[in-house]
Amino acid sequence: MDCAGKGRGTRCVGPPKRRCGGCGAVAYCSVSHQISHWIDHKEECQRLEQQMKGVDVLNDFPFTFTLEATIQVSEKQQTRCLFLSKRGIHRLGMWMYECCCGESAASFGYLRLRDGWDLSRILCPCQGPVSPITKRLSSWKDFYNWRGIPLLSPVAILLHWPLTIYHAVQVTSTISLSSGNRNGLYIHYLGPEKELTQLAAFGELRALFPGVQLHIELIGPSIPEHRDGEKINILSYAPCVEADCICKPLNENVDTGKSSAVLLQLHRGFYHDRFKDIAKDSTPDLIIAANAGVAAYPSWLPTIELIKELKVPAIFSDYCEEACHLAARCIGSVTNRPLTVRIQLNPFRQPMVVEDSGLFLPCYSNCFLFGM
């Protein structure tokens, strides 16, 4: 991590080894940088101190690999590369984008719909569920039990994308799976990046929303220009590695007009620029922005204005609670309204900590949710 006072007039004199005595969440290279940063840090210090008290909750997962993927990665006793290597999935298929030596998600050249789990059938959801969902899933343990997957399987590291969509739908009560509502559900998904290289994992939405036709518009500047407007039907689950598994003949994802449980369409650009064209065919029931970084990018301001006018529920996620707090403040300044969904921990956050976070707080992809 960098010195919290980096760029404050003088150059850093070394690694940031001097942690703030109040919150313990940030560190400095020197006393002078700590003093110069206090004018900004004093506002957030107490808030970060409270967030640091919740570290154990952030790291609480039911998996057999939890210690490896959380504390050991945070303390640099373990790396994402090593974690994946131990399981034989390092730099393979969808897993290629989960470590620092993999391909850049921003430069993906094609959609990896034909990628599988690169795991045995017992370790992944390569087929439909044995039984339908009978109650709301509220934890990774619930999901693994329902799908009959052992808690040593790492598939949650990729499935946090579709499970976060599932959770956002439940939080906003966008659709009730027990009400008999089996019509189409239209979701506008803003700012996709890494998930564009892991779309095969979105096949799990077929199991999470049985009988529901999902129409997901993926809108963002990371979508290549030559794929703007492309439609993709996800007709199957990502397959396992076993050649004789019955999932193989069903693994045909084609880009045609056939009926599908999950239909994706790609749109390059910012939501506020593309909305009118998209809305001609797709009026949203729900808007989702994963790992949004609202406070970090000014381009969010006109999008927030648009969402305010649409009066459609919108769920945002980010890597840590502090990022959500800053985002909520930005949204409040635009809407003059409180959040409709308070900042809350996502039970389906990715169960592997982000390496080299800017804080001593553990950060996870899709870690916290909030909504307007």
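Residues numbered from 1 in each chain as written. Predicted model: local features only at pLDDT ≥ 70, side-chain atom pairs only at ≥ 80, totals over all residues. Heavy atoms only, no water.

Peer 1: Any chance you could break down the domain arrangement of the chain for me, citing the residues and the numbers?
Peer 2: By the assigned domains, the chain splits into domain 1 (1–59) and domain 2 (61–371). Between domain 1 and domain 2, the C-alpha centre-to-centre distance is 31 Å. Each partner contributes residues to the interface: domain 1 has 16 residues there, and domain 2 has 20 residues. Interface area, domain 1 with domain 2, both sides summed: about 1500 Å², of which 60% is carbon and sulfur. One can count two salt bridges joining domain 1 with domain 2. For R329, the salt bridge is made with E43, and the minimal N-O distance between the two is 2.5 Å. Our count for the contact surface shared by domain 1 and domain 2 stands at nine residue pairs in polar contact (both at pLDDT 80 or more). Of all the secondary-structure elements, those providing two or more residues to the side of domain 1 that touches domain 2 are α1 (31–52) and α2 (55–58). (Domains from an automatic or database assignment. Contact = heavy atoms within 4.5 Å. Buried area = accessible area lost by both parts, 1.4 Å probe. Salt bridge = Lys/Arg side-chain N within 4 Å of Asp/Glu carboxyl O. Polar contact = N/O pair within 3.5 Å; in protein donor to acceptor, adjacent residues only side chain to side chain. Helix = DSSP H or I, 4+ residues; strand = E, 2+ residues; numbered from the N terminus.)

Peer 1: Any chance you could break down the packing of aromatic side chains for me, citing the residues and the numbers?
Peer 2: Tallied over the entire structure, the rule returns 17 aromatic pairs. Residues F143 and Y144 carry aromatic rings whose centres are separated by 6.1 Å and whose planes lie at 70 degrees to one another, so their mutual orientation is edge-to-face. A ring pair is formed by F143 and W146, whose centres lie 6.0 Å apart and whose planes are at 65 degrees; its orientation type is edge-to-face. Remark: W146 and F143 occur in helix α5 (residues 140–147); sequence separation between them is three residues, near one turn of the helix. Across this residue pair, the class does not change: F143 and W146 are buried. Taken together, the ring pairs in this structure connect F61, F63, F65, F83, W140, F143, Y144, W146, Y166, F209, F348 and Y364 into an aromatic cluster. Between the NZ or CZ atom of R87 and the centre of the ring of F83, over which it lies, the distance is 3.8 Å. Here R147 stacks its cationic end above the ring of W146, 5.7 Å away from the centre of that ring. (Phe/Tyr/Trp six-rings, centres within 6.5 Å; stacked < 30°, edge-to-face > 60°. Buried < 20%, exposed > 50% of the residue type's maximum accessible area, 1.4 Å probe, protein only. Lys NZ or Arg CZ within 6 Å of the ring centre and 35° of its normal.)

Peer 1: Run through helix α3 (residues 66–74), naming residues and quoting values.
Peer 2: For α3, the complete set of buried residues consists of T66, E68, A69, T70, Q72 and V73. Buried-residue contacts for α3 involve α4 (80–86). With its phi angle positive at about 60 degrees, K76 sits one or two positions after the end of α3.

Peer 1: Can you explain the pairing of strand β6 (residues 262–268)? Please cite residues and give values.
Peer 2: Most of β6 is tucked away, with five of its seven residues classed as buried. With seven bridges connecting them, strand β4 (residues 214–220) and β6 associate as parallel partners. The residue of β6 that forms the bridge with I219 is H267. Note that strand β5 (residues 231–234) and β6 share four bridges and pair antiparallel. Considered in β6, the bridge of I234 is made with V262. (Pairing = 2+ DSSP bridges.)

Peer 1: Pulling in residues and values, what's your account of the side chain of H188?
Peer 2: If you trace the backbone, H188 turns up in strand β3 (residues 185–190). Looking at H188, its side chain comes within polar contact range of the main-chain oxygen of S282, at 3.0 Å. Setting aside residues up to four positions removed in sequence, H188 forms contacts with E217, I219, Y271, F275, I278, S282, T283, P284, L286, I287 and I288.

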